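Residue-level structural notes
Chain residues, written in single-letter form:
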Amino acid sequence: MNANSLSALKVGFDILMLGEHHSGKSSVVLRYVHQRFIDNIDSSVEDMYVKVIADDDSYQEFSIFDASALQDRYSSSRKQQFLNCHCLMVVYSITDRDSFEPVEDIVQHFNMVRNKAELTAVPMVLVGNKADLDDIRQVSDTEGQELASRLGMSFFEVSAATGEGVNEAFAPLIEILGKTRERRPSAKAVSPTSDRPSTAGTLQIDRDLGTSSPESSLNRRSQSATSAIASRQRSSDNAVRSVSKKAAPEAQGCCVIT
């Protein structure tokens, strides 16, 4: 377990990313955070990301934990990840049925752990990745939609390679989280001489990928993201942890994002 995994056991984070080996889960996260496609990412590595969404007057930070595809889903650390998240995204590849078959068990186990801890339901999204490879598809969009409906999840097919549908898949989760997230005034709003908001180093992570190797960039990104999350957690822990209670229905289990 790396330093980011240990951090995830101590602080809450916004979105938990789960998916089997070769699902392209990590590529989906990187496409969303950095708007770039990086293939062949080590699926055994866990990492924390920060997505900064800014407008003219303010900005918000959203933390995304990319869990290891090789970690035992019944381990104590995976259980803690289930308990610490405020939203869930499960990714499979439409070209690999082996990545699709475990989805139902993953979600059911997630719900069982949270129910046992008497936590409310969280918004959940099912994502079928690699939509650009329709000619070698093994899982139909109908199958994905039916499974999502059965599990109470929203459903999207996306392509991390082209970017198609990725922002749309994250959008409903970000919208729900943003409703209860304190917006921070940007540096531009405070000082007319500033060209962009100050985000305690988190905006720099969006530039790292374009300036060096993926491995070194991701390491720097992880350190900045983990530091930013820990700092935000100390200042707004109660507000962040109230997301799932405010956004989800009273009944335990799962919920559909509309």
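This text follows the structure it describes.
Residues numbered from 1 in each chain as written. Predicted model: local features only at pLDDT ≥ 70, side-chain atom pairs only at ≥ 80, totals over all residues. Heavy atoms only, no water.

**Let's talk about helix α2 (residues 25-34)**
Within α2, 10 of the 10 residues are buried, which leaves the element mostly enclosed by the surrounding structure. The complete set of buried residues in α2 reads Lys25, Ser26, Ser27, Val28, Val29, Leu30, Arg31, Tyr32, Val33 and His34. Of the residues one or two after α2, glutamine 35 is the one with positive phi, at around 55°. (Buried < 20%, exposed > 50% of the residue type's maximum accessible area, 1.4 Å probe, protein only. Helix = DSSP H or I, 4+ residues; strand = E, 2+ residues; numbered from the N terminus.)

**Brief notes about the pattern of salt bridges**
With the rule as written, the count across this model stands at 6 salt bridges. Ionic pairing is found between aspartate 66 and lysine 25, a salt bridge with its closest N-O pair at 2.4 Å. Note that aspartate 66 is positioned in strand β3 (residues 58-66) and lysine 25 in helix α2, a separation of 41 residues in sequence. Residue aspartate 66 shares its accessibility class with lysine 25, and that shared class is buried. Residues arginine 137 and aspartate 134 are paired through a salt bridge, measuring 2.7 Å at the closest nitrogen-oxygen approach. Given the relative accessible area of 25%, arginine 137 is considered partly exposed. Residue aspartate 134 is classed as partly exposed on the basis of its relative accessible area of 45%. (Salt bridge = Lys/Arg side-chain N within 4 Å of Asp/Glu carboxyl O.)

**Re the packing of helix α3 (residues 76-84) against helix α5 (residues 103-116)**
Contact geometry for α3 and α5: axes closest at 9 Å, N-to-C directions at 75°. Viewed along their axes, α3 and α5 adopt a mutual orientation that is roughly perpendicular. Between α3 and α5, the residues in contact are Lys79, Phe82 and Leu83 and His109, Phe110, Val113 and Arg114, respectively. Looking at the contact of α3 with α5, its residues break down into 4 nonpolar, 1 polar and 2 charged. (Axes fitted to C-alpha atoms, helices over the stretch in contact; angles between N-to-C directions. Parallel < 35°, antiparallel > 145°, perpendicular 65-115°, else oblique. Contact = heavy atoms within 4.5 Å. Nonpolar A, V, L, I, M, F, W, Y, C, P; charged D, E, K, R; others polar.)

**Examining helix α7 (residues 166-179)**
Every α-helical turn comprises 3.6 residues, leaving residues that sit three or four positions apart pointing alike. In this model, α7 (14 residues) spans 21 Å end to end at C-alpha, consistent with the 20 Å of a helix rising 1.5 Å per residue. The largest bend in α7 is about 30°, located at proline 172. Residues of α7 that are buried: Val166, Ala169, Phe170, Pro172, Leu173, Ile174, Ile176 and Leu177. (Expected span 1.5 Å × (residues − 1). Bend = angle between axes of the 7 residues up to and from the residue.)

**Quick look at unusual backbone geometry**
What you tend to see is this: most non-glycine residues have negative phi, and most peptide bonds are trans. Residue histidine 22 is not a glycine yet carries a positive backbone phi of 75°. Relative to the helices and strands, histidine 22 is located in the loop between β1 (13-19) and α2. Here the phi dihedral of asparagine 40 falls at roughly 60°; this positive angle occurs in a residue that is not glycine. Take asparagine 40: it is sitting in the loop between α2 and β2 (47-54). With a relative accessible area of 73%, asparagine 40 lands in the exposed category.

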